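If you want the building blocks of each chain, they are given just below.
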Amino acid sequence: MSKTSGNGRTGGTTGESGTNDEVWIVGATGRVGRGVTARLAARGLTVVPVGRSRERMLAVGAEAGLRGDAKVVVADSAERIADEIVRGRPRVVVNTMGAFAATAPVIARACMPGGHYVDQANDVVAVERLLALHDEAVRAGSTLVTGAGFGVLATEAVVAKLCEERPVPHRVRVDAVASVAVEAGVLGAALAASITDALTAGGRRYENGRLVMSRLGADPQHLTFPDGESAKSAGVASGELIAAHAASGAPFVTATSALAPTAPLIRALIPPLGRLLSVPALRRLAVDRLGRVRVKAVPRPRKHSWGHAVVEWADGTRHEGWLRADDGMDYTADVTAAVTELLARGAGRAGAWTPAAALGADLATTAGGTFVLD
């Protein structure tokens, strides 16, 4: 049995869940989207690029080795993509288009019942909104995975490993230090919106089991990695925080990132800047201007990306661990591809999850990372 997609081409075989065998990559022309498309095509999955420009998606498909007449889906908004998903019934939809707090619930709901969903969200609002669909996904028999990238998995997996077969810890800190090569081109609206939203959101931490406000850039750290290199990080409101709390159950949890400002002057300027950018008109202006900024190609600053966790128990016991990966963006594409292939081939369990919660901490090594645990 076959289904006909919204663009008129014949889709894949429809299974018992009402979905076919297709994997749709939303935002396939972006860096992560291109990487995921190529990885999944090489593994023999039926990959369908989804985006605004048919020509650019066909080019991505050709680069990934797809046939010249391979199916693409043209849609220019999350709502229109959702309509196409409802008509096309793909088995898995990968959302790399960004603005996940807005796009993830719309696209994920369209995948249900029976279809699965994956994204790379790493901010508190987006991750919490996706996880809030858990009961709905269980009823629908769908698996929804958010944070399928270096952000979230690189620290979540270390926490899960350190807490295996141990009682609930008292305190956890996670640190995410990605090393990423920058591609030449414009910064783009999705990344500009993420930067702006991080400034307006401020920081978060768990105190006595409750998620509370903190200052963006709090808890500055100077980290020395197992390979001898070092970097600074500071507190941020991130998906890593949500995942670390869920994986450990600890009442006190903090998260830092190398993307957060660590210089004292900049940290002092962030609160008033955040208040300014919380004005809708100023936020729109900032996103527009920032998104048009052109950046030069820059090699990654360090050989490795590192996820780090320190876990402490009430009796004073302390364990520390690391996850080593290469380029953080490439690792994100590896994680997304690994999660997507597993879901397409029937792994996972119904519900809404972060990656290690859905598929286990060893997903981090399946995607190419290496644990360094004490």
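That block above? That's the structure.
Quick notes on the rules
Residues numbered from 1 in each chain as written. Predicted model: local features only at pLDDT ≥ 70, side-chain atom pairs only at ≥ 80, totals over all residues. Heavy atoms only, no water. Axes fitted to C-alpha atoms, helices over the stretch in contact; angles between N-to-C directions. Helix = DSSP H or I, 4+ residues; strand = E, 2+ residues; numbered from the N terminus. Parallel < 35°, antiparallel > 145°, perpendicular 65-115°, else oblique. Contact = heavy atoms within 4.5 Å. Nonpolar A, V, L, I, M, F, W, Y, C, P; charged D, E, K, R; others polar. Left-handed = near helix turned anticlockwise from the far one by under 90°. Phe/Tyr/Trp six-rings, centres within 6.5 Å; stacked < 30°, edge-to-face > 60°. Buried < 20%, exposed > 50% of the residue type's maximum accessible area, 1.4 Å probe, protein only. Pairing = 2+ DSSP bridges. Salt bridge = Lys/Arg side-chain N within 4 Å of Asp/Glu carboxyl O. Core = buried A, V, L, I, M, F, W, Y, C linked by side-chain atoms within 4.5 Å. Patch = residues over 30% accessible without salt bridge, like charges linked within 9 Å, V, L, I, M, F, W, Y side chains within 5 Å. Areas by Shrake-Rupley, 256 points an atom, 1.4 Å probe, with all protein chains shown as cover. Polar contact = N/O pair within 3.5 Å; in protein donor to acceptor, adjacent residues only side chain to side chain.

Peer 1: Even after reading the chapter, I still don't get the packing of helix 3 (residues 78-88) against helix 4 (residues 100-111), so can you show me in this structure?
Peer 2: When two helices pack together, you describe them by how their axes are tilted relative to each other and by the distance separating the axes. Where helix 3 meets helix 4, the closest approach of the two axes is 8 Å, and the angle between their N-to-C directions is 10°. Overall, the two elements helix 3 and helix 4 adopt an arrangement that is roughly parallel. Facing A78, E79, I81, A82, I85 and V86 of helix 3, the residues of helix 4 in contact are T103, V106, I107, A110 and C111. Here the residues of the contact of helix 3 with helix 4 sort into nine nonpolar, one polar and one charged.

Peer 1: Quick question: what am I supposed to make of the packing of helix 4 against helix 5 (residues 124-131) here?
Peer 2: Their axes nearest at 8 Å, the elements helix 4 and helix 5 cross at an angle of 15°. On the basis of the axis angle, helix 4 is roughly parallel to helix 5. In this structure, helix 4 crosses over helix 5, and the sense of that crossing is right-handed. Every residue of helix 5 that contacts helix 4 at F100, A101, A102, A104, P105 and A108 is listed here: V125, A126, R129 and L130.

Peer 1: Is there a simple way to think about the packing of aromatic side chains in this case?
Peer 2: How two aromatic rings sit relative to each other is given by the distance of their centres and the angle of their planes. Per the counting criterion, the structure on display carries four aromatic pairs. Both rings, one in F150 and one in Y331, keep their centres 6.4 Å apart while their planes meet at 75°; by these two values the pair is edge-to-face. Here F150 is found in helix 7 (residues 150-163), whereas its partner Y331 is found in helix 12 (residues 328-344), with 181 residues between them in sequence. By relative accessible area, which is 5% here, F150 ends up buried. With 5.7 Å between their ring centres and 90° between their planes, F225 and W322 make a pair best called edge-to-face. Remark: W322 occurs in strand 18 (residues 318-325) and F225 occurs in the loop between strand 13 (221-224) and strand 14 (230-235); sequence separation between them is 97 residues.

Peer 1: Looking at this structure, how should I read the sheet that holds strand 6 (residues 92-95)?
Peer 2: Working definition: the strands of a sheet are paired by backbone hydrogen bonds and lie parallel or antiparallel to each other. In spatial order, the strands read 5-4-3-6-7-8-19; together these seven strands make up an open sheet with parallel pairing. Each edge of the open sheet is held by one strand with a lone partner, namely strand 5 (73-74) and strand 19 (351-353). When strand 3 (residues 22-26) meets strand 6, the two strands line up parallel, connected through four bridges. Considered in strand 6, the bridge of I25 is made with V94. Its contacts with the sheet put helix 5 on strand 7 (116-119), strand 8 (143-145) and strand 19, and the angle it makes with strand 19 is roughly 160°.

Peer 1: Would you take a moment to explain the pattern of salt bridges for this structure?
Peer 2: Here the idea is simple: oppositely charged side chains can pair when their charged atoms come close. If you walk through the whole model with that rule in mind, you get 19 salt bridges. Salt-bridge contacts for E136 lead to R109; the nearest nitrogen and oxygen are separated by 3.1 Å. Placement of E136 in helix 6 (residues 134-140) and of R109 in helix 4 is noted, with a sequence separation of 27 residues between them. Its relative accessible area of 27% is what places E136 among the partly exposed residues. You can call R109 partly exposed: its relative accessible area is 43%. R173 is the salt-bridge partner of D175, the closest N and O atoms lying 2.9 Å from each other. Beyond isolated ion pairs, a larger network of salt bridges with shared partners links R31, D327 and D330.

Peer 1: Just checking my understanding: could you explain the nonpolar core for this structure?
Peer 2: Core analysis: the largest hydrophobic core is formed by 87 residues, its most contacted members being Y117, L144 and Y331. Grouped together as the second largest cluster of nonpolar side chains are six residues, V177, L223, F225 and W306 included.

Peer 1: I'm lost on the pairing of strand 13 in this one. Help?
Peer 2: Looking down a regular strand, the side chains alternate between one sheet face and the other. For strand 13 and strand 14, the ladder comprises four bridges, and the chain directions are antiparallel. Its bridge partner being in strand 14, T224 is matched across the sheet by S230. Hairpin connection of strand 13 to strand 14: five residues between the antiparallel strands, including G228 at a positive phi of 95°.

Peer 1: Whenever I open this one, the pairing of strand 15 (residues 252-257) confuses me. Can you help?
Peer 2: Counting buried residues in strand 15 gives six out of six residues, a clear majority hidden from the surface. Side chains of strand 15 alternate between two faces, with F252, T254 and T256 and V253, A255 and S257 buried alike. Judged from the two bridges that link them, strand 14 and strand 15 form a sheet pairing that is antiparallel. Bridge pairing links A234 to S257 in strand 15.

Peer 1: Could you clarify how one ought to interpret a nonpolar patch on the surface in this entry?
Peer 2: A cluster of nonpolar side chains, namely L273, L276, V279, L282 and L285, defines an oily patch on the protein surface of about 400 Å² accessible area. Broken down by secondary-structure element, the contributors of at least two residues to the nonpolar patch are helix 10 (264-277) and helix 11 (280-291). Examined against the element boundaries, L285 turns out to sit in helix 11.

Peer 1: Please clarify how the side chain of H319 should be interpreted in this entry.
Peer 2: Relative to the assigned elements, H319 resides in strand 18. At 3.4 Å, the side chain of H319 and the side chain of R166 are in polar contact. At a separation of 3.2 Å, a polar atom in the side chain of H319 contacts the side chain of D374. Here H319 is in contact with L162, R166, A309, V310, V311, W313 and D374, once residues within four sequence places are set aside.

Peer 1: Which parts of the structure should I look at to understand helix 9 (residues 239-248)?
Peer 2: Each α-helix winds once per 3.6 residues, and so residues spaced three or four apart point in a common direction. A large share of helix 9 lies buried, amounting to eight of its ten residues. Looking at helix 9, one finds that the buried residues are G239, E240, L241, I242, A243, A244, H245 and S248. In the segment just after helix 9, G249 is the residue with positive phi, at about 75°.

Keep in mind these values describe shape, not function.
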